[in-house]
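Summary of structural features
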Amino acid sequence: MLKRSVFLFLFTINVLSSFAQEELVSYTIGEKFHDKYRYSNMLAIADDGNKGTVVVRAYYTGIVLRPKGYFIEHYNKDLELVSEYNYKLKGANFIDAYVQNGQVYLLFLEYNYNSRSYQYEVHRSPFSQFQFTKETILSIASDPVEQPLDRNFYNRNFSSGFTTSILFNDDKSAFAITTHYKKRKVDQHTIYAFKSNLDKIFEHDFSDEVEEKNYAFENVVFSKDLQNVYLVGKAYFKKKRFNATERKFQYEMVRVSKNGRSTQSFFTPGKFPEALKPIFKGDELLCIGFYADRKDNRYNGISYFNLAPQSLTLKTEKFNAFSEQFMLDKFGREDDKAIKNLVFKGMDITAEGNILFNAEEYFTSNSVQSNSSGGRVMVTRYHHNDIISAKLSATGDLVWARNINKTEVTQGDGAYASYSAYTKNNSTYFFISTSAENPQQLSDDRILFKQGLSRNRNVFLIRLDENGHMKYNKVIDDTEARLPLMVSAPYIDRQNDELMFYAKRGTKKQLVQVGVK
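Being a predicted model, the structure only gives us computed values, none of them experimental.

Reading guide: rules and limits
- Residues numbered from 1 in each chain as written.
- Predicted model: local features only at pLDDT ≥ 70, side-chain atom pairs only at ≥ 80, totals over all residues.
- Heavy atoms only, no water.
- Helix = DSSP H or I, 4+ residues; strand = E, 2+ residues; numbered from the N terminus.
- Buried < 20%, exposed > 50% of the residue type's maximum accessible area, 1.4 Å probe, protein only.
- Contact = heavy atoms within 4.5 Å.
- Areas by Shrake-Rupley, 256 points an atom, 1.4 Å probe, with all protein chains shown as cover.
- Pairing = 2+ DSSP bridges.
- Axes fitted to C-alpha atoms, helices over the stretch in contact; angles between N-to-C directions.
- Salt bridge = Lys/Arg side-chain N within 4 Å of Asp/Glu carboxyl O.
- Phe/Tyr/Trp six-rings, centres within 6.5 Å; stacked < 30°, edge-to-face > 60°.
- Lys NZ or Arg CZ within 6 Å of the ring centre and 35° of its normal.
- Core = buried A, V, L, I, M, F, W, Y, C linked by side-chain atoms within 4.5 Å.
- Polar contact = N/O pair within 3.5 Å; in protein donor to acceptor, adjacent residues only side chain to side chain.
- pLDDT = per-residue confidence, 0-100.

Things to note about the overall build of the protein chain
Along its length, the protein chain carries 1 helix and 37 strands. Across the 517 residues of the protein chain, 55% fall into the buried class. Contacts spanning at least 24 positions in sequence make up 51% of the contacts within the protein chain whose residues lie at least 6 apart. Taken as a whole, the protein chain presents about 23600 Å² of accessible surface, with 44% of it coming from carbon and sulfur.

If you want it as structure tokens, here you go:
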């Protein structure tokens with residue numbers, strides 16, 4: 001649950017008209033169930049393969065809250081809770097969780113002092129009959145270091161001696177692990193690829209590339225047959241001299257398979273790519289993101305790259321500047337205009353080959369504050385700000401870009417903050433949770449959502465149609481859904497155009513199913 005949150009939703013739209021008479025969504029609210037763990041974090045929500053739902057949470061207990069284990073819930077197609085399982089496990093270094101192949105998978109990175117090595121361990125169990133087993137899928141010799149796992153891959157530390165990261169594809173059918181070990185003259189970088197069932201696809205020695213550059217990979221996509229992995233991220237130069245107008249890194253894509261690799265750098269004079277994400281459009285390999293005209297990371301527009309899937313030869317590159325109208329919609333008349341810290345939330349290809357995507361301005365901040373005992377503690381706050389949504393043509397030209405101004409600050413569970421998005425029939429639907437009852441009209445083209453005083457929350461829907469025109473409406477009232485939805489962490493069933501949300505407060509929980517018509 002959010003410990004502290006401040007919501008400010010400011011939507012900049014061309015047409016401020018409600019679709020109250022249009023029933024664009026339907027919803028079913030499941031029965032409330034008792035839950036013994038008041039404090040927990042959502043780790044995974046997925047389909048069970050039989051129209052049911054599996055939820056995996058980490059829970060915390062004690063006067064000083066500490067992680068004590070993992071709680072798995074299984075619901076049937078009628079949103080009824082059919083089984084629960086408490087997997088007690090203390091002190092494990094959790095990485096990620098997913099549900100695939102009829103099983104629950106929990107991934108950990110542990111240090112084995114007997115073998116003096118870091119080990120990727122997986123605990124898994126069928127959710128039809130819980131019985132967890134443990135196995136080690138990877139072991140890397142190294143002395144212990146302070147922070148081996150690069151949870152923040154935007155600010156990598158390459159001097160610790162050992163560093164590693166893990167990246168999943170969007171549907172979690174496969175994942176890649178990178179390991180970088182450096183000590184004296186040894187400089188070893190290896191890339192591994194695994195299927196979700198833990199079968200190893202390949203292991204590739206990447207060491208000769210790190211002689212000149214250190215790599216911080218940020219996004220990954222696999223080919224349809226899972227035999228090629230495409231990693232995109234920053235390559236930091238080690239010895240190159242830089243002038244004041246240059247950056248110390250460049251974005252690169254690396255393709256790796258059993259038979260070798262290809263690399264491609266994204267370098268255009270006067271253009272600085274940012275937040276690049278790879279995606280396949282049929283047989284076409286695309287890389288889409290943002291770019292800046294200066295090295296200060298202030299985004300000026302949207303970048304588009306089309307590459308040959310095997311050689312990574314750059315076939316097309318385009319830089320689409322944000323329009324003056326877009327900047328006016330976003331900032332009003334402010335002089336200090338800066339778009340930064342964008343993180344992709346979703347990307348879809350329409351039947352016509354157009355590309356719809358949305359991203360969010362996300363960053364963290366730290367401050368020191370007094371606690372109840374008179375001491376001072378460091379507090380981390382998580383900021384979920386503006387949403388940017390855009391449409392590119394099949395050839396990479398910008399058709400439109402829209403901005404949804406939004407400010408959220410939380411110190412607690414981020415699943416309740418932010419938003420979720422779903423694309424259907426060339427329209428994008430955004431689901432946002434807030435205590436505001438009605439938007440406040442600020443001017444002809446601007447509205448404002450405030451937090452409100454209620455503990456309960458409404459769910460608002462914003463629709464962007466194929467032309468970028470926006471409409472909004474409250475679709476679930478707080479008198480109907482009494483528990484707040486984890487609005488940014490649904491299970492999305494694209495085959496049936498449905499989203500499954502988990503709702504929880506204190507010791508009560510339920511599922512809410514939303515169908516997009």
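Having seen the model, we can carry on.
Regarding the sheet that holds strand S9 (residues 94–100)
The strand order across the open sheet built from 4 strands is S9-S10-S11-S12, with neighbouring strands paired in antiparallel fashion. The sheet terminates laterally at S9 and strand S12 (133–141), the two strands that pair on one side only. Across the sheet, the mean angle from the axis of one strand to that of its neighbour is 20 degrees, orientation sign disregarded. In this sheet, strand S10 (residues 103–112) lies alongside S9 in antiparallel orientation, the contact comprising 6 bridges. Bridge pairing in S10 places Phe-94 opposite Phe-108.

Observations regarding the environment of Ala-235
Structurally, Ala-235 can be placed in strand S18 (residues 229–237). On the basis of relative accessibility, which here comes to 0%, the residue Ala-235 falls in the buried class. Sequence separation of Ala-235 and Glu-209 is 26 residues, and the distance between their C-alpha atoms is 9.8 Å. In contact with Ala-235, other than residues within four places in its own chain, are Lys-213, Asn-214, Tyr-215, Lys-248, Phe-249, Gln-250 and Glu-252.

Description of the sheet that holds S18
The 4 strands lie next to each other as S17-S18-S19-S20, forming an open sheet whose pairing is antiparallel. Every interior strand has two partners, whereas the edge strands, strand S17 (213–222) and strand S20 (260–266), have only one. Geometrically, the sheet is characterised by an average inter-axis angle of 25 degrees between neighbouring strands, direction not taken into account. Strand direction decides the pairing type here: S17 and S18, joined by 9 bridges, are antiparallel. For Asn-219, the partnering residue across the bridge sits in S18 and is Val-232.

Comments concerning the pattern of salt bridges
Taken as a whole and assessed by the stated rule, the structure comprises 24 salt bridges. With a closest N to O distance of 3.1 Å, Asp-96 and Lys-172 form a salt bridge. You can see Asp-96 sitting in strand S9 and its partner Lys-172 sitting in the loop between strand S13 (162–168) and strand S14 (174–183), a full 76 residues away along the chain. What makes Lys-172 partly exposed here is its relative accessible area of 22%. Here the salt bridges share partners, and the residues they tie into one network are Asp-35, Arg-57, Glu-73, Glu-84, Lys-504 and Lys-509.

Section: the packing of aromatic side chains
Going through the model one piece at a time under the given rule, you end up with 31 aromatic pairs. Arranged with centres 5.2 Å apart and planes meeting at 80 degrees, the rings of Tyr-291 and Phe-319 form a pair that is edge-to-face. Placement of the pair is Tyr-291 in strand S22 (residues 284–292) and Phe-319 in strand S24 (residues 314–321), with a sequence separation of 28 residues. The class of Tyr-291 is buried, set by a relative accessible area of 2%. Linked through ring pairs, Tyr-98, Tyr-105, Phe-168, Phe-175 and Phe-194 together constitute an aromatic cluster. The lysine or arginine in question, Lys-172, covers the ring of Phe-168, its NZ or CZ lying 4.9 Å from the ring centre.

Focus: the nonpolar core
Among the nonpolar cores identified, the biggest contains 23 residues, and Leu-107, Tyr-120, Ile-137, Phe-175 and Ile-177 are the most heavily contacted of them. Contributions of two or more residues to this core are made by S9, S10, strand S11 (117–126), S12, S13, S14 and strand S15 (186–195). Among the elements that make up this core, the one with the highest residue count is S10 (4 residues). Residues within four places of Tyr-120 in sequence aside, it is in contact with Ile-95, Phe-108, Leu-109, Glu-135, Thr-136, Ile-137, Leu-138, Ile-140, Leu-149, Thr-164, Ser-165 and Ile-177.

Overview of the environment of Glu-31
Within the secondary structure layout, Glu-31 lies in the loop between strand S3 (25–29) and strand S4 (33–34). The exposed category is assigned to Glu-31, whose relative accessible area is 52%. Each C-alpha atom, one on Glu-31 and one on Val-512, is 9.2 Å from the other, the two residues being 481 residues apart in sequence. The residues touching Glu-31, leaving out its near neighbours within four places in the chain, are Lys-509 and Gln-510.

Considerations on the side chain of Ser-420
With respect to the element layout, Ser-420 can be found in strand S29 (residues 420–424). Looking at Ser-420, its side chain comes within polar contact range of the main-chain oxygen of Val-487, at 3.0 Å. Excluding its chain neighbours within four sequence positions, the residues that come into contact with Ser-420 are Tyr-429, Phe-430, Phe-431, Val-487, Ser-488, Pro-490, Leu-499 and Phe-501.

Considering the confidence of the model for the protein chain
In the predicted model, the protein chain carries a mean pLDDT of 85, and the fraction of residues at 70 or more is 85%. pLDDT under 50 marks residues 1–21. Its contacts with residues more than four places away, or in other chains, come to 90 contacts.

Points about unusual backbone geometry
Residue Asn-425 is not a glycine yet carries a positive backbone phi of 50 degrees. Residue placement: Asn-425 occurs in the loop between S29 and strand S30 (427–434). Given the relative accessible area of 64%, Asn-425 is considered exposed. Phi is positive for Asn-426, close to 70 degrees, though the residue is something other than glycine. Looking at the element boundaries, Asn-426 is found in the loop between S29 and S30.

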